[in-house]
Amino acid sequence: MQKDSCIFCKIARGEVPSHKVFENDDVLAFLDLSQVTKGHTLVIPKHHADNVYELEAEVAAATFAAVPQISRALQKETDAAGINILSNTGKVAGQSVSHFHLHLLPRHDKHDGFGAKWEVHNDEYTPEALAAIAKSIQSHL
């Protein structure tokens, strides 16, 4: 299912031009117009899902299956020392397009334009608290 107004669905249908780097029946990967690092690529399922919460297992499997091949090609092309793979779900997490997608960000050095620094709260989570959280999450599966 594709949404008529979704920009990524329009790209997948060929209605909006993109700089494709990979495509098969289920997945499309193209360069992000807003390059954070050289080669910054978006990987999308052609089947529309607003975010990871709505992503069907089969669609996720097809999407993630393409990631290693695309990542290796990005590494060869950009000579990247590493790669960040991320997805934002919800506005609070920075999602700006309501179509599940992965960002592949080739990394060259720690001053290449992308920062993934986070604050750790080790003092707030004892092993017992972590065990309780894990058990509670498991109850929702």
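Thresholds applied
Residues numbered from 1 in each chain as written. Predicted model: local features only at pLDDT ≥ 70, side-chain atom pairs only at ≥ 80, totals over all residues. Heavy atoms only, no water. Core = buried A, V, L, I, M, F, W, Y, C linked by side-chain atoms within 4.5 Å. Buried < 20%, exposed > 50% of the residue type's maximum accessible area, 1.4 Å probe, protein only. Helix = DSSP H or I, 4+ residues; strand = E, 2+ residues; numbered from the N terminus. Contact = heavy atoms within 4.5 Å. Salt bridge = Lys/Arg side-chain N within 4 Å of Asp/Glu carboxyl O. Pairing = 2+ DSSP bridges. Axes fitted to C-alpha atoms, helices over the stretch in contact; angles between N-to-C directions. Expected span 1.5 Å × (residues − 1). Bend = angle between axes of the 7 residues up to and from the residue. 1 Å grid on protein atoms, 1.4 Å probe; cavity = no way out; pocket = protein on both sides within 12 Å on 5 of 7 lines; lining within 4 Å. Points joined across faces, edges and corners; volume = space filled by probe spheres on them. Nonpolar A, V, L, I, M, F, W, Y, C, P; charged D, E, K, R; others polar.

**Student:** How should I be thinking about the nonpolar core in this particular structure?
**Tutor:** The tendency in soluble globular proteins is for nonpolar side chains to be buried side by side. Phe 22, Val 43, Leu 55, Ile 70 and Leu 104 are the most contacted members of the largest nonpolar core, which totals 15 residues. Elements represented by at least two residues in this core include exactly β2 (27-31), α2 (57-78) and β5 (102-107). Take this core: its biggest share by element is six residues, from α2. If we skip the residues at most four places from it in the chain, Leu 104 touches Gly 39, His 40, Thr 41, Val 43, Val 67, Ile 70, Ser 71, Leu 74, Ile 83, Asn 84 and Ile 85. One finds Cys 9, Ile 11, Leu 28 and Ile 44 within the second-largest nonpolar core, a separate group that totals ten residues.

**Student:** What is the right way to read the environment of Ala 132 from this model?
**Tutor:** With respect to the element layout, Ala 132 can be found in helix α3 (residues 127-138). What makes Ala 132 partly exposed here is its relative accessible area of 47%. Counting along the chain gives 119 residues from Ala 132 to Arg 13, while the straight-line C-alpha distance between them is 45 Å.

**Student:** Teacher, can you tell me more about the pattern of salt bridges here?
**Tutor:** Side chains carrying opposite charge are able to pair once their charged atoms draw close together. In the structure shown here, the tally under the stated rule is five salt bridges. Note that Glu 23 and Lys 46 form a salt bridge whose closest N and O atoms lie 2.8 Å from each other. Of this pair, Glu 23 sits in strand β1 (residues 20-23) while Lys 46 sits in the loop between β3 (41-45) and α2, placing them 23 residues apart in sequence. Since its relative accessible area comes to 16%, Lys 46 is described here as buried.

**Student:** Quick question: what am I supposed to make of the sheet that holds β1 here?
**Tutor:** In any sheet, the strands associate via hydrogen bonds between backbone groups, in a parallel or an antiparallel arrangement. The strand order across the open sheet built from five strands is β1-β2-β3-β5-β4, with neighbouring strands paired in antiparallel fashion. The open sheet terminates on both sides in strands that have one partner only, identified here as β1 and β4 (82-86). Strand after strand, the sheet turns through a mean of 20° between neighbouring axes, direction not considered. Taken together, the three bridges between β3 and β5 define a ladder with antiparallel strand orientation. The residue of β5 that forms the bridge with Leu 42 is His 103. Contacts from α2 reach β1, β2, β3, β4 and β5 within the one sheet, and its direction differs from that of β5 by about 20°.

**Student:** So what exactly am I meant to see when it comes to α2 here?
**Tutor:** Helical geometry note: an α-helix holds 3.6 residues per turn, so side chains three or four residues apart project in the same direction. If you check α2, its first and last C-alpha atoms are 31 Å apart, about what 22 residues at 1.5 Å a residue would give, namely 32 Å. Within α2, the axis deviates most sharply at Pro 68, by approximately 30°. Within α2 the residues assigned to the buried category are Val 59, Ala 60, Thr 63, Ala 66, Val 67, Ile 70, Ser 71, Leu 74 and Thr 78. Close packing links the buried residues of α2 with β1, β2, β3, β4 and β5.

**Student:** Any chance you could explain the layout of surface pockets here in plain terms?
**Tutor:** Think of a ball as big as a water molecule: rolled over the atoms, this probe shows where empty space is left. Within this model, the largest pocket holds a volume of roughly 180 Å³. Along the wall of the largest pocket there are 13 residues; nearest its centre are Ile 11, Pro 17, Phe 30, Leu 31 and Leu 33. Going through the elements one at a time, α1 (7-12) and β2 are the ones with two or more residues in the lining of the largest pocket. In terms of residue count, α1 provides more of the lining of the largest pocket than any other element does, three residues in total. For the lining of the largest pocket, the residue count by class is ten nonpolar, two polar and one charged.

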